[in-house]
Amino acid sequence: MPRRKCSNPKEAKVYLVGSGIASLASAVYLIRDAGVSGENIHVLEQDSVAGGALDGGGDPESGFVIRGGRMHEEHFVCYWDLLSHIPSYDDPAVSVKDESFEFSSRYVSHAQARLLRGGKRIDLFSFGLSLKDQADLLKLSLNAEKSLDNLRIQDWFGEEFFDTNFWTLWSTMFAFQKWSSVAAMRRYMRRFIHLLDGMPRLGGVMRTKYNQYHSVVIPLQRYLQQRGVHFHLRTRVVDIDFALSADRKTATALHTVDGNGVEQAIALGSNAYVFITNGSITESSDRGSWTEPPRLKDKSISGAWLLWEKIAQKDRAFGNPGVFSDRIDLQKWYSFTATLQDDTFHDYMEDFSGNLCGTGGLVTLTDSNWLMSIVIARQPHFPNQPPEVKVFWGYALFPDKEGNYVKKRMAACNGEEILEELWYHLRIQELMKPVVAAGKVNCIPVAMPFIDSLFMPCAKGDRPDVLPAGATNFAFLGQFAEVPDDCVFTVEYSVRCAQTAVYGLFDTDREVLPVYDSIYKPAVLIKALKAIAR
Ligand code: FAD
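Quick look at the structure, then. All values derive from a computational prediction rather than experimental measurement.

The subject of this paragraph is the site of the ligand. Around the ligand, the structure places 39 residues, and the nearest of them are Glu-45, Arg-70, Met-71, Ser-280 and Ser-494. In this structure, Gly-69 approaches the ligand through a main-chain N or O atom, which is 3.5 Å from a nitrogen atom. Backbone polar atom of Met-71 to an oxygen atom of the ligand: 2.7 Å apart, as the coordinates give it. Of all the secondary-structure elements, those providing two or more residues to the shell around the ligand are helix H1 (21-32), strand S8 (235-244), helix H9 (303-312) and helix H15 (491-505). Looking at the shell around the ligand residue by residue, the class counts come to 16 nonpolar, 17 polar and 6 charged.

Written out as structure tokens, the structure is:
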């Protein structure tokens with residue numbers, strides 16, 4: 001039965017659970033394309049700041065922090081569509097999209113020191129794939145997704161595959177683990193095959209001018225607030241009531257708790273809608289400091305996972321959150337942000353790598369037990385970052401391993417110890433000693449227990465559809481809603497959910513933009529085949 005779309009958008013009330021980009025994009029499309037009044041849109045966010053995973057803050061004195069930095073590409077069609085008419089942070093006359101394209105054309109990504117061993121660059125002419133590895137990769141790309149349910153990458157490839165340059169580049173660029181979903185890897189292969197040839201140089205990677213909180217979230221939030229959208233921060237949705245029958249599912253009430261512990265029930269009238277970002281990869285994150293390691297927290301404090309678990313019990317179509325969130329040991333990794341009141345490190349890295357800051361992207365230390373990588377963004381990375389202050393970001397995929405120099409698990413290290421391990425791998429301990437001794441460095445590590453949860457092996461139905469069959473007034477959004485063909489761990493995926501939800505529930509003259517299909521372009525395929533055979 002075709003879904004009945006909203007007949008009175010002007011009067012419709014929409015509640016958005018969460019303020020990540022999936023929700024912010026939904027609000028933009030609701031106003032712009034569906035004709036919903038901004039004043040009737042309510043964003044309910046448990047945190048005290050909007051943006052979800054797209055964070056970025058701090059100052060030169062206490063240190064800057066981003067949990068992550070985003071690589072984008074030209075064919076993030078939904079994301080760039082969204083940002084094409086959002087005024088940028090610095091200049092209302094320029095859109096975020098235009099600013100990002102201009103910025104990325106000025107600071108072109110062409111990594112010259114992508115992988116290091118023994119402090120030296122690795123020659124990446126060849127991916128190092130055997131004929132068997134090449135055949136396995138191709139077979140995977142051409143295989144039907146449905147046959148890959150619950151399989152891990154290590155179930156598909158031989159052990160030697162994981163020693164290749166290809167795997168090191170791939171796993172550290174996208175944060176895949178051997179035990180991640182092979183179906184997710186297949187989607188990446190197909191979706192980003194046009195980037196394969198340039199992968200050793202991070203060719204085609206685009207960036208925003210600042211971190212994504214300042215370059216993307218603040219502009220979106222401003223745009224929405226100017227149109228009357230209400231942001232209810234420190235407001236957690238703890239349950240949703242549904243009226244469920246064989247062919248219709250309708251959300252009837254939201255239950256919230258605010259920062260003061262005040263509970264509220266919001267009845268959803270006949271023209272009310274709720275969009276739910278179910279699950280989140282940055283839930284239960286914890287910050288350490290220069291002297292303290294971060295703590296590894298669990299689900300018990302996570303609004304996103306607890307809400308999804310509660311509503312998943314009400315209907316099979318609402319997915320299986322435990323598949324994604326029950327194995328913190330397989331999902332967690334740690335990142336860190338360093339703030340330096342000194343140029344030594346950045347000058348050294350520019351000389352050593354041959355990359356101006358902002359053009360090199362990830363530098364991975366392949367012989368680091370933690371498998372540490374760093375990224376030096378174009379400076380300033382924060383609008384309030386003075387010229388004499390420099391920042392960089394890093395992460396490591398194996399935080400439970402002991403460091404090569406610091407004989408501790410990364411998870412047990414404070415910011416100072418993480419940087420000691422980094423200086424050791426880069427062979428710059430002596431160079432950095434006076435800078436550290438002068439107190440000109442800070443480093444804030446962050447534990448992210450659920451960061452790789454979106455790559456957990458899963459089966460059809462574990463992620464609910466954005467619009468489950470029979471859903472009359474609600475939608476699921478974000479990394480744990482099902483969107484055919486697109487890739488999780490991208491902002492594009494979340495914005496695609498927003499388009500799917502809004503255009504599915506409301507009458508608009510727009511359709512969800514198709515996923516870029518480079519896998520069907522012969523010239524792209526030939527180039528990719530040549531690259532994997534090099
Ligand atoms: P989220 O950003 O997770 O937002 C969900 C929001 O909902 C949160 O604010 C949460 O607090 C709130 N919420 C959830 N439940 C409740 C509730 N019950 N009540 C109230 N509020 C609730 N993407 C790329 O495209 N390229 C990259 O290179 C890239 N790298 C990344 C690196 C890192 C370290 C991280 C963390 C992410 C990266 N991503 C990247 C992924 C991308 O940032 C995310 O996929 C995207 O931002 C998710 O947006 P979202 O709106 O779906 O969910």
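Structurally, Leu-307 is set in helix H9. Separated by 68 residues in the primary sequence, Leu-307 and Asp-239 place their C-alpha atoms 5.9 Å from one another. Leaving out residues up to four positions away in the same chain, Leu-307 has contacts with Val-17, Val-237, Val-238, Asp-239, Ile-240 and Ile-276.

Turning our eyes to something else, we now look at the environment of Asn-165. Within the secondary structure layout, Asn-165 lies in helix H6 (residues 165-174). Among the residues examined, Asn-165 registers a relative accessible area of 17% and is labelled buried. Residues Asn-165 and Leu-513, 348 residues apart in the sequence, show an inter-C-alpha distance of 34 Å. The contacts of Asn-165, once residues within four sequence positions are left out, are Leu-115, Ile-122, Asp-123, Leu-124, Ser-126 and Phe-127.

Here the focus is the nonpolar core. If you look at the biggest cluster of nonpolar residues, it comprises 144 residues, and the most contacted ones within it are Phe-166, Trp-170, Phe-176, Met-185, Phe-275 and Phe-506. With 34 residues, the next largest nonpolar core counts Trp-290, Ile-374, Ile-418 and Ile-428 among its residues.

About the cut-offs
Residues numbered from 1 in each chain as written. Predicted model: local features only at pLDDT ≥ 70, side-chain atom pairs only at ≥ 80, totals over all residues. Heavy atoms only, no water. Near = heavy atom within 4 Å. Polar contact = N/O pair within 3.5 Å; in protein donor to acceptor, adjacent residues only side chain to side chain. Helix = DSSP H or I, 4+ residues; strand = E, 2+ residues; numbered from the N terminus. Nonpolar A, V, L, I, M, F, W, Y, C, P; charged D, E, K, R; others polar. Contact = heavy atoms within 4.5 Å. Buried < 20%, exposed > 50% of the residue type's maximum accessible area, 1.4 Å probe, protein only. Core = buried A, V, L, I, M, F, W, Y, C linked by side-chain atoms within 4.5 Å.

Just distances and angles here, no functional claims.
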